[in-house]
Amino acid sequence: MNKAIDIKNLVKRYDSKTALDDVSFSVSSGSCFGLLGPNGAGKSTAMKILTGIIEYDSGSVDVLGFDLKSQKDDIRTLVGYVPQEITLYEKLSAYNNLRFFGELYGIKGRELKKRIDDVLEQVGLTDHANSLINTFSGGMKRRINIAAALLHKPRLLILDEPTVGIDPQSRNHIFGMIRALKKDGITVIYSTHYMEEVESLCDEIAIIDHGRVIAKGDLNKILDKHAVNAVYVESEQMSKIPVFEYSGKVSKKDRGWVIETSNILGTIQDITKKAMELNMAVKELEIVRPNLETVFLSLTGTSLRD
Amino acid sequence: MLPVFRKELQILFKEKGTFFWLIILPVAFIVLYASVFGSASNSNITIHYIDQDNTAVSKQFVQTLSNVKGFETAVDTSTTRDDQIEKIRNGKLSSLVIIPKGFGDNLKSGDKANIEFYRTSVTDQTVESAKALLDNIINSYREGKIKSTLAFSGKSDVQIQQIMASPVVLKEVNEDVKNVTVAEQLVPGMMVMFVFFVIISMIRGFIKERESGMLARLRSTPMKPGDYLAGMWSSFILTVIIQCTALLGFGHYVYKLDLGNLPAIIAIVISLAICATGIGLAISFLVKSENQGIALTQIVVMGGAALGGLWIPFDILPSFAQKIGYLMPQYWAQKGLQDVMVRGADISVIVPNIAVLLLFGIAGVFIALLRFKRYILSAAS
């Protein structure tokens, strides 16, 4: 599969602070790539470098076959960028906002009108074309924010935390839109700190923490490689850390315990036996499904949202 | 450039603050000042008096005061002499003329006739005017006495006239092409002062673009930074031109303001727009916050207005203030406008004014360009 993005040994420093430290990863064409990490990990910096907003100190970045350092103008016409902030003019209508962004990409006349109609349909806001942005809900603004990046039919769409603070309806709409774009062959880079969003949308991921890539590649392979087997148990009588024959690290989660184990069935059997002996009321007993949350936990020792 | 220009104009026209600062407020000031100073030119100075003599001679004296253009007399018979003098002490009355008993008899007999003039110690234009009028009338009595003495000594009327003629004659010549109206004083001054308030809109616009993340997003598009700057700047230039057109139109249609040579007025308005927005660009990229920008704008607007002769005539400013005033763009704009409106100047006469305004604008743009890269790079943070 062709690479839409190829980043090698990327370094970016802000004075004495290193925001990106020897970062390398690649993104396959037509895939949805998840860039994961806690706040301040370096995700937005990486995205701003890819869109040419900020310069980088060293390394090489290749976007859609163009070198970022020397062919920035070519890249800008092919990339759509949706920043984390809602960057729209509140006192202008949705239509006028989209017209402004379309004109920046050199689209004019009937073609511009058609593209605006198309993207409004894509984000499900055709009926609100002439409403002022300051009358929109947070979710509607986010959708127009994305629409503005689609007008010039980009080959690569970069979305920086596009679902922050929105309602479930708008979130589902955005997810549907991203899946449709992927189907049309557009490469999507999706930055978030919501693990479940990445699991739902992305084929490939890179996990960034403190400016370094700590895991990258195919989502399922990463899950297989880094996720640990664990059992979750919840009982009011279980106030101390439980220890069983096969159990490894035990950590508190919500009102219960996550018990890492090399033998899931053996551990469940031990818990059941002990609960019956002590006449404990067990509220929940389940196998913890391998997910990115546990991968991040096992790689860094901290929760993603800490 | 065109998308940015159109977008910014749309935003400016939807912003109520823009209309308030640039159109509504100057119009309100013009109406307020025109109503105050317009009626002031028709009002007389009142001279309060008490006639204790109450003879034909004293009445003639009062009549002489009343006959002078710009003055009127008033008598208060309901209060006593002491009460009225007390009013002066309290600041309720600025002056009082008392014609004492025996004034007429003394005048007829050739003895000294006194007039008492009570006044506040505070220098007041109306009191000084009343005092000057009294001095003038007393002089005319003295002249009358000299004439009578000369006639009694046998001099003919021609001889008396020759003796009494002053060796110095004041010849008053008005060099203005026409009489200056209140509107011709007010409208250019207010317009020049309020034009510079566009700087606040500029600062808000540029800082909002940076802080909202819009500038960063625009950097991800193919638009060149120069196109962005040109688009923003030209939209503010057009805003000022529209503002000036509205204010001059208001003055012309409401107060019959004579605009004079139209091409010359257009040239000043355009160069003033370039000047104010050029300075606005410089301030926008120099300041770190909106509050800092607004404070600096107030200094530019108020300082320039005071020293540039927009509030009080430039001629009566102290010489050091005048020297600073020459460094203010407001002075050159106001003088250029009044040269055209009052003195009938055409474009050739106001070339220096236009050149100075354009120089200020170019200097502002130069400073802005030095800081522009820093502003663009700040988009990333």
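What you see is a predicted model, and the numbers here were worked out from it, not measured in a lab.

A count of helical and extended segments in chain B gives 16 helices and four strands. Computed over the C-alpha atoms, the radius of gyration of chain B is 30 Å, more than 25% above the 21 Å expected from 2.2 N^0.38 for a compact globule of 381 residues. Dimensions of chain B, computed from C-alpha atoms along their principal axes, come out at roughly 100 × 50 × 40 Å. Looking at the 381 residues of chain B, the share that counts as buried comes to 43%. Carbon and sulfur atoms form 61% of the exposed surface of chain B, whose accessible area is close to 20,200 Å². Here chain B contributes 35 positively and 29 negatively charged side chains, and the mean placements of these two sets differ by 11 Å.

Along the chain, K43 of chain A turns up in helix α1 (residues 43-50). A polar side-chain atom of K43 of chain A sits 3.5 Å from a polar atom in the side chain of E161 of chain A.

Turning to the layout of surface pockets, a few remarks are in order. Residues and elements named next belong to chain A. Here the second largest pocket defines a volume of roughly 570 Å³. Along the wall of the second largest pocket there are 25 residues; nearest its centre are K253, V258, E293, T294 and L297. Of the residues that constitute the lining of the second largest pocket, the class distribution is nine nonpolar, five polar and eleven charged. Built from parts of two domains, the lining of the second largest pocket gets at least three residues from each of domain 1 (3-224) and domain 2 (228-289).

Residue and element names in this part refer to chain A. With a phi close to 50 degrees, N9 is a non-glycine residue in the positive phi region. Within the secondary structure, N9 is located in strand β1 (residues 3-14). Residue N9 is classed as partly exposed on the basis of its relative accessible area of 43%. Look at K153: it is not a glycine, yet its phi comes out positive at around 50 degrees. Mapping K153 onto the fold places it in the loop between α5 (138-147) and β7 (156-160). Taking relative accessible area as the criterion, K153 reaches 57% and is therefore assigned exposed.

In this section: the sheet that holds strand β4 (residues 58-63) of chain A. Residues and elements named next belong to chain A. Spatially, four strands are ordered β2-β1-β4-β5 in an open sheet, and the strand pairing comes out antiparallel. Each edge of the open sheet carries a strand with a single partner, namely β2 (17-28) and β5 (66-67). Pairing between β1 and β4: five bridges, direction antiparallel. By the bridge assignment for β4, V11 is matched with S58. Across the sheet, α1 touches β1, β2 and β4, and the angle it forms with β1 is around 115 degrees.

Contact with chain B, which involves 22 residues of that partner, is made by 29 residues of chain A. In total, chain B and chain A occlude about 2,400 Å² of area from one another, counting both sides; carbon and sulfur atoms represent 58% of this. The largest share of the area that chain B buries against chain A comes from R217, R219 and S220 of chain B, three residues that together contribute 27% of it. If you look at where chain B meets chain A, you find three salt bridges. Among the ionic pairs, E103 of chain A bridges to R6 of chain B, the shortest N-O distance being 2.1 Å. Along the contact surface separating chain B from chain A lie ten residue pairs in polar contact (both at pLDDT 80 or more). If you list the elements that add at least two residues to the side of chain B that touches chain A, you get α1 (2-14) and α10 (214-219) of chain B. Among the elements that line the side of chain B that touches chain A, the one with the most residues is α1 of chain B, at seven residues. Along the lines of polarity and charge, the residues of the side of chain B that touches chain A split into nine nonpolar, five polar and eight charged.

Our next topic: the domain arrangement of chain A. Per the domain assignment, the segments of chain A are domain 1 (3-224) and domain 2 (228-289). Using C-alpha coordinates to define each centre, domain 1 of chain A is positioned 41 Å away from domain 2 of chain A.

Residue and element names in this part refer to chain A. Counting through the fold element by element, D184 comes out in the loop between α6 (168-183) and β8 (187-192). Look at D184 and you get exposed, because its relative accessible area is 62%. Residues D184 and L92, spaced 92 residues apart in sequence, show a C-alpha to C-alpha distance of 31 Å.

Another point: the sheet that holds strand β1 (residues 45-51) of chain B. All names here are of chain B. Pairing within the open sheet is mixed, and its four strands lie in the order β2-β1-β3-β4. Unpaired on one side and paired on the other, β2 (71-75) and β4 (116-119) mark the two borders of the sheet. Across this sheet, the average inter-strand angle for adjacent strands is 30 degrees, counted without regard to direction. Examined bridge by bridge, β1 and β2 share five bridges and lie parallel to one another. Across the sheet, residue T46 finds its bridge partner in β2, namely E72. Contacts from helix α3 (residues 56-67) reach β1, β2 and β3 (95-99) within the one sheet, and its direction differs from that of β2 by about 135 degrees. The sheet strands contacting helix α4 (residues 81-89) are β1, β3 and β4, and the helix crosses β3 at an angle near 155 degrees.

Rules used in this analysis
- Residues numbered from 1 in each chain as written.
- Chains lettered and ligands numbered in written order.
- Predicted model: local features only at pLDDT ≥ 70, side-chain atom pairs only at ≥ 80, totals over all residues.
- Heavy atoms only, no water.
- Helix = DSSP H or I, 4+ residues; strand = E, 2+ residues; numbered from the N terminus.
- Rg over C-alpha atoms; globule rule 2.2 N^0.38 Å.
- Buried < 20%, exposed > 50% of the residue type's maximum accessible area, 1.4 Å probe, protein only.
- Areas by Shrake-Rupley, 256 points an atom, 1.4 Å probe, with all protein chains shown as cover.
- Lys, Arg positive; Asp, Glu negative; His and termini not counted.
- Charge placed at Lys NZ, Arg CZ, Asp CG, Glu CD.
- Polar contact = N/O pair within 3.5 Å; in protein donor to acceptor, adjacent residues only side chain to side chain.
- 1 Å grid on protein atoms, 1.4 Å probe; cavity = no way out; pocket = protein on both sides within 12 Å on 5 of 7 lines; lining within 4 Å.
- Points joined across faces, edges and corners; volume = space filled by probe spheres on them.
- Nonpolar A, V, L, I, M, F, W, Y, C, P; charged D, E, K, R; others polar.
- Domains from an automatic or database assignment.
- Pairing = 2+ DSSP bridges.
- Contact = heavy atoms within 4.5 Å.
- Axes fitted to C-alpha atoms, helices over the stretch in contact; angles between N-to-C directions.
- Buried area = accessible area lost by both parts, 1.4 Å probe.
- Salt bridge = Lys/Arg side-chain N within 4 Å of Asp/Glu carboxyl O.

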